[in-house]
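As a plain string of letters, each chain reads:
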Amino acid sequence: MKVKIGLEVHAYLNVEKIKTKLFCPCKVNYQEAEPNTNICPRCTGMPGAKPMLPNKEAVDRALAIALMLDCQIPTEPVLFQRKHYDWPDMPYGYQKTMSGSYSVPTGVKGEFNGVGIWQVHIEEDPAKWDPQTGRVDYNRAGVPLVEIVTAPDLKSADQARLWIRQLITTLSYIKAIQKDAGIKADVNVSIEGHPRVEVKNVNSFKSICRAIEYELLRQQEALKEGKQMLSETRMFHDKTQTTRHMRFKETAEEYMFIPEPDLPAILIDTTTISKIKDELPESSVKKVQRLTKEYKLSREDALVIASDLQLANLFEVLVKKVRPDIVVRWLRRDLLKYLYYDKRTLEDVNIDANSLLELLELVQEKKITDNTAKDILLKLIKGPLSPKSYVKEHGLKVVNDLQVLKGVCKEVVEENERAVQDYLSGEEKALHFLMGKVMAKTKGTATPREVTEIIKKLIK
Ligand SMILES: [Zn+2]
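Worth saying up front: this structure is predicted, and the values here are computed from it rather than measured.

Definitions and limits used
- Residues numbered from 1 in each chain as written.
- Predicted model: local features only at pLDDT ≥ 70, side-chain atom pairs only at ≥ 80, totals over all residues.
- Heavy atoms only, no water.
- Donors = N, O, S within 2.8 Å, 3.2 Å for Na, K, Ca; no water.
- Tetrahedral: all angles 85-135°; square planar, octahedral: opposite > 155°, others 65-115°.
- Helix = DSSP H or I, 4+ residues; strand = E, 2+ residues; numbered from the N terminus.
- Axes fitted to C-alpha atoms, helices over the stretch in contact; angles between N-to-C directions.
- Left-handed = near helix turned anticlockwise from the far one by under 90°.
- Contact = heavy atoms within 4.5 Å.
- Nonpolar A, V, L, I, M, F, W, Y, C, P; charged D, E, K, R; others polar.
- 1 Å grid on protein atoms, 1.4 Å probe; cavity = no way out; pocket = protein on both sides within 12 Å on 5 of 7 lines; lining within 4 Å.
- Points joined across faces, edges and corners; volume = space filled by probe spheres on them.
- Domains from an automatic or database assignment.
- Polar contact = N/O pair within 3.5 Å; in protein donor to acceptor, adjacent residues only side chain to side chain.

**Considering the coordination of the zinc ion**
Protein-derived ligands of the zinc ion are Cys24 (SG), Cys26 (SG), Cys40 (SG) and Cys43 (SG), with the metal-ligand distances lying across 2.3 to 2.4 Å. Angles of 100 to 114 degrees at the metal separate the four donor atoms of the zinc ion, which places the site in the tetrahedral class. In the primary sequence, the donor residues of the zinc ion line up as C-x1-C-x13-C-x2-C. With Cys26 in the loop between β1 (3-12) and α1 (56-68) and Cys40 in the loop between β1 and α1, this residue pair connects regions lying 14 residues apart in the sequence.

**Some remarks on the packing of helix α15 (residues 417-424) against helix α16 (residues 429-441)**
Across the interface, α15 lies against α16 with an axial gap of 7 Å and an inter-helix angle of 145 degrees. In terms of crossing hand, the pair formed by α15 and α16 is left-handed. Here α15 contributes Ala419, Val420, Asp422 and Tyr423 to the contact with α16, which in turn contributes Ala430, Leu431, Phe433 and Leu434. Of the residues in the contact of α15 with α16, the class split is seven nonpolar, no polar and one charged.

**Looking at empty space enclosed by the protein**
Taken as a whole and judged by the stated rule, the model has two cavities of 30 Å³ or more. Here the largest cavity defines a volume of roughly 60 Å³. Lining the largest cavity, in full, are Phe23, Cys24, Arg42, Cys43, Pro51, Tyr92, Lys96, Glu124 and Gly142. One number sums up the size of the second largest cavity: a volume of about 50 Å³. Considering the residues around the second largest cavity, the lining is formed by Cys43, Asp89, Met90, Pro91, Tyr92, Glu124, Asp125, Pro126, Ala127, Ala141 and Gly142. Its residues assigned to classes, the lining of the second largest cavity comprises seven nonpolar, one polar and three charged.

**Some points on the domain arrangement of the chain**
On domain assignment, one finds that the chain holds domain 1 (3-277), domain 2 (291-389) and domain 3 (402-459). On a C-alpha basis, the centroid separation for the pair domain 2 and domain 3 is 32 Å.

**Section: the environment of His84**
Inspection of the secondary structure assignment puts His84 in strand β2 (residues 81-84). Considered as a pair, His84 and Pro152 are 68 residues apart in the sequence and their alpha carbons are 26 Å apart. Those residues in contact with His84 that sit more than four places away from it in its chain are Gly93, Tyr94, Glu254, Tyr255, Met256 and Ile258. A polar side-chain atom of His84 sits 2.8 Å from the main-chain carbonyl oxygen of Met256.

What follows is the structure, encoded as structure tokens:
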């Protein structure tokens, strides 16, 4: 049975310069603010209140998203529609949206990572309504949302999960959406030749996958039993991780879409489009492809490096002078691990690329040991430092002179007769003890492998 899965991904647009709602001057602050403190007659739907022109930054961000996803930008003016429905979270009785049959969205006919993009459009978020208490918080009413509608090109829950991850990574490159505000998705699942089922309001990566898995199984079982599938809207339940019938699919007529008479159509001029285009970075998908090809990285390494634009940029600065395998190893194994333990991001620590380059050059030239390099890296995360000067000041350069190293090993062997005897009688641990003594005398600047070899030769 051929499976068709499409997604409607909703995310909050990042309006960091013009920090206001889509159609009024109220602040976008619905997470921390006390309920109903960022409101005005416009976003609470008071009689006679008219919307202001849409927040320009929100429109530009949505255009950047559309371009990043290879969409075409309509040449005719973009149009908002009224999508009618009566619900306590929507005081006007309609939502202003670029979706609907007569609207002109910010982008159409795109493609991202093998999946068609039908459209990218803006809409206002409804208020937050609590059905238990009946309370409505209008802080969220009118906050700018972007919706990305895909073609039903996805084939499995796993593919959908990976695809959304790449999408979020790519959108974070252009800081177009608020990553920490989370995403919501409506998931369309159908089996070819049968009606489409829409699962509404799925709120996390995990739930999106679970909703798809559950729906596929449910529909396949039903068809096997000879039941007929119906075009319906279902609700995902987080608690039971299942979907439940909500209503039979509404049609566009039921929403009575009409063009919003209080807002003019907005012509997106070509200068704006080319300006946004010029500033767009390469997408994460293209970056992964390029990193594997250009630097011979494994796909897994490339995915990690490309997961954060700042990390990817840092990688490309470092590989100008240091071998890619060394750079990847130090970024993945050490830098990311330290940041992870500290619960910080690369953006938080703002590590100096030149200092890191200096450090990795010392590693590449084998002038310092891995342990010394790790210590210096930890210091670099805390603040600026010149690794070269630090190594010089503290005498941390690797003992390259074999004669000097042999001399130190000889001293240690002579001073620790008992450990030598223990090793000779088969106690491996004694060798570590001796090595520790050599390391202490050389301030950790000797290479462990070399020390082991010398000691072994000395006491045999
Ligand atoms: Zn307002």
